[in-house]
Amino acid sequence: MVNSELKQRIVDSGLKQTHIAKVIGVHFTEVSQWIAGRRKPNKDRQKSLAKILKCKMSDLHWEI
């Protein structure tokens, strides 16, 4: 299941997936996997994503 909330927040932020991946310390394909709902980041990476996207971890709706 696609993580629509994550996808929309990335679009709204104006940041590229490659930039987000670099800041978090993962390959950009990992971010794509998160958006596609095929993988879920660990808690530390969820926290980093929330900080980068200026939201709460719970706002990102991880369903896996």
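As a reminder, the structure under discussion sits directly above these lines.
Residues numbered from 1 in each chain as written. Predicted model: local features only at pLDDT ≥ 70, side-chain atom pairs only at ≥ 80, totals over all residues. Heavy atoms only, no water.

Draft legend 1. How the structure looks around the pattern of salt bridges. One pass over the full model with this rule turns up three salt bridges. In this structure, the salt-bridge partner of Arg 9 is Glu 5, at a minimum N-O distance of 2.7 Å. One end of the pair, Arg 9, and the other, Glu 5, are both in helix α1 (residues 4-13), four residues apart, so they sit about a helical turn from each other. Note on Arg 9: relative accessible area 24%, which makes it partly exposed. The partly exposed category is assigned to Glu 5, whose relative accessible area is 26%. The salt bridge partner of Glu 30 is Arg 39, with a shortest N-O separation of 3.6 Å. Looking at Glu 30, the relative accessible area reads 17%, which means it is buried. Salt bridges sharing partners connect three or more residues here, namely Glu 5, Arg 9 and Asp 59. (Salt bridge = Lys/Arg side-chain N within 4 Å of Asp/Glu carboxyl O. Helix = DSSP H or I, 4+ residues; strand = E, 2+ residues; numbered from the N terminus. Buried < 20%, exposed > 50% of the residue type's maximum accessible area, 1.4 Å probe, protein only.)

Draft legend 2. The nonpolar core, seen in detail. If you look at the biggest cluster of nonpolar residues, it comprises 16 residues, and the most contacted ones within it are Leu 6, Ile 20, Val 31, Trp 34, Leu 49, Leu 53 and Leu 60. Among the elements of the structure, α1, α2 (17-24), α3 (28-36) and α4 (43-53) are those that each provide at least two residues to this core. In terms of residue count, α4 provides more of this core than any other element does, four residues in total. Setting aside chain neighbours within four positions, we find Trp 34 in contact with Asn 3, Leu 6, Ile 24, Val 26, Arg 39, Lys 40, Pro 41, Arg 45, Leu 49 and Trp 62. (Core = buried A, V, L, I, M, F, W, Y, C linked by side-chain atoms within 4.5 Å. Contact = heavy atoms within 4.5 Å.)

Draft legend 3. Region of interest: the packing of α1 against α3. Running from N to C, α1 and α3 cross one another at 130°; their axes reach a closest spacing of 7 Å. Classed by the angle they form, the pair α1 and α3 counts as oblique. Within the contact between the two elements, α1 uses Leu 6, Lys 7 and Ile 10 and α3 uses Val 31, Trp 34 and Ile 35. Residue classes in the contact of α1 with α3 are distributed as five nonpolar, no polar and one charged. (Axes fitted to C-alpha atoms, helices over the stretch in contact; angles between N-to-C directions. Parallel < 35°, antiparallel > 145°, perpendicular 65-115°, else oblique. Nonpolar A, V, L, I, M, F, W, Y, C, P; charged D, E, K, R; others polar.)

Draft legend 4. View of α3. Among all positions of α3, only Glu 30, Val 31, Trp 34 and Ile 35 are buried. The buried residues of α3 occupy an angular sector of 140° when projected down its axis, which confines them to one face. Considering only its buried residues, α3 is in contact with α1, α2 and α4. Trailing α3 by a residue or two, Gly 37 shows a phi angle of about 80°, which is positive. (Arc of directions from axis to C-beta.)

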